[in-house]
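# Structural description and commentary
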Amino acid sequence: MGFLFLAGGAEFNGKMSAPDLRAIELAGGVDAPICILPTAAAPDNNYKRAGNNGVRWFQSLGAKNVFVADVIDSQTANDVSLAASIRTSRLIYLLGGFPHFLEETLANSACWQAALDAHQQGAVIAGSSAGAMVLCEHYYDPYEKKLLRGLNLIPNACVLPHHNNFGKAWAKQLAQLLPGSVLIGIDESTGMLSDMGSRWQALGAGEVTLYRAGSTVRYGRGERFSFP
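The paragraphs below set out a description of the structure included in this document.

### Brief notes about the nonpolar core
Core analysis: the largest hydrophobic core is formed by 54 residues, its most contacted members being I86, L94, I184 and F227. Apart from the residues lying within four places of it in its own chain, the contact partners of F227 are I154, A157, V182, I184, M192, S198, W200, L210 and R212. Core analysis: the next-biggest nonpolar cluster, separate from the first, contains 27 residues, A23, I24, A41 and V55 among them.

### Re helix α5 (residues 99-106)
Of all the 8 residues making up α5, 6 are buried; the element is thus mostly covered by neighbouring parts of the structure. Within the span of α5, buried status applies to P99, H100, L102, E103, T105 and L106. For α5, the elements touching its buried residues are α3 (74-77), β4 (91-94), α6 (110-120), α7 (130-133), β6 (136-141) and β7 (146-149). In the stretch just after α5, N108 is the one whose phi turns positive, near 60 degrees.

### Digging into the sheet that holds strand β8 (residues 154-160)
Spatially, the 6 strands line up as an open sheet ordered β7-β6-β8-β9-β12-β13, and their pairing is mixed. Each end of this open sheet is capped by a strand with a single partner; those strands are β7 and β13 (215-219). Within this sheet the neighbouring strands show an average axis-to-axis angle of 25 degrees, counted without direction. Note: strand β12 (residues 208-212) against β13, 5 bridges, orientation antiparallel. Across the sheet, T209 pairs through a bridge with R218, a residue of β13. Here α5 sits on the sheet and contacts β6 and β7; the angle it forms with β6, its principal contact strand, is near 140 degrees.

### Focus: the environment of D117
Residue position: D117 is located in helix α6. Between the C-alpha atom of D117 and that of M1, which follows or precedes it by 116 residues, the distance is 9.4 Å.

### Some thoughts on the environment of R212
As for its position among the elements, R212 is in strand β12. Expressed as a C-alpha distance, the spacing of R212 and A175, which sit 37 residues apart in the sequence, is 8.0 Å.

### Overview of the layout of surface pockets
Where empty space is left can be seen by rolling a probe of water-molecule size over the atoms. Its volume calculated, the largest pocket comes out at about 380 Å³. Along the walls of the largest pocket sit 24 residues, with E11, G96, G97, S129 and H162 positioned nearest its centre. Where the lining of the largest pocket is concerned, the elements lending two or more residues are α2 (47-60) and α7. Its residues assigned to classes, the lining of the largest pocket shows 14 nonpolar, 7 polar and 3 charged.

### So, the pattern of salt bridges
For the coordinates displayed, the defined rule picks out 6 salt bridges. Between K48 and D70 there is a salt bridge, with the nearest N and O atoms lying 2.9 Å from each other. Here K48 is found in helix α2, whereas its partner D70 is found in the loop between β3 (66-68) and α3, with 22 residues between them in sequence. Of the residues examined, K48 reaches a relative accessible area of 48% and is grouped as partly exposed. Given the relative accessible area of 22%, D70 is considered partly exposed. A salt bridge links D117 to R87; its shortest N-O distance comes to 3.2 Å. Remark: R87 occurs in helix α4 (residues 80-87) and D117 occurs in helix α6; sequence separation between them is 30 residues. A relative accessible area of 39% means that R87 is categorised as partly exposed.

### A word on the side chain of S194
Secondary-structure assignment places S194 in strand β10 (residues 190-194). Of the residues examined, S194 reaches a relative accessible area of 10% and is grouped as buried. A distance of 2.7 Å separates the side chain of S194 from the backbone nitrogen of L4, its partner in a polar contact. Other than its neighbours up to four places away in sequence, S194 contacts F3, L4, R199 and W200.

Definitions and limits used
Residues numbered from 1 in each chain as written. Predicted model: local features only at pLDDT ≥ 70, side-chain atom pairs only at ≥ 80, totals over all residues. Heavy atoms only, no water. Core = buried A, V, L, I, M, F, W, Y, C linked by side-chain atoms within 4.5 Å. Buried < 20%, exposed > 50% of the residue type's maximum accessible area, 1.4 Å probe, protein only. Contact = heavy atoms within 4.5 Å. Helix = DSSP H or I, 4+ residues; strand = E, 2+ residues; numbered from the N terminus. Pairing = 2+ DSSP bridges. Axes fitted to C-alpha atoms, helices over the stretch in contact; angles between N-to-C directions. 1 Å grid on protein atoms, 1.4 Å probe; cavity = no way out; pocket = protein on both sides within 12 Å on 5 of 7 lines; lining within 4 Å. Points joined across faces, edges and corners; volume = space filled by probe spheres on them. Nonpolar A, V, L, I, M, F, W, Y, C, P; charged D, E, K, R; others polar. Salt bridge = Lys/Arg side-chain N within 4 Å of Asp/Glu carboxyl O. Polar contact = N/O pair within 3.5 Å; in protein donor to acceptor, adjacent residues only side chain to side chain.

Just distances and angles here, no functional claims.
Pasting the structure below:
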């Protein structure tokens, strides 16, 4: 089983080099194939720019094999050639954008199954903002103002991205809607990387904030934590 990496947003602004270098290392180094999934940016036709930003960023960190898989609708999500390229990737990075579109497009698709297969074989699955949100069991769609079910790689959890900006404003409402779940606030330019099992480490410029059972605990760069 591979690693999971969640980022709070503003992922390619130059402040995420340490977390992303660690993700590259876990993926196998600079020669490892890195796949950018710009799916969440498709509804506003921003996926080309977003995907290219991801390629440039990882190349600036020394990665030599970075590509974009244009999974932008249900048809491409079930494209066998795209699925094959995802299956052989060692770092699969879901970009931000529209979370509901991202989750609906990937759920039960050939490309998502390929990502799960890769993860089973040791690949890193990463997501920023909307990409991080849908990896959990629950996510809040701010556009539809609904609590929805995610892809459930992280059970009993819900990510609040851009936590230091607007995500923290969701905490009170979501704590009432999900009283038995862990709310994970992740600041911009900040990530959390799975260690072993339920162990995580905060990385990047800001903090990771856990809301659970009525308590609020913050973790800064390098600090480790766990949740069931």
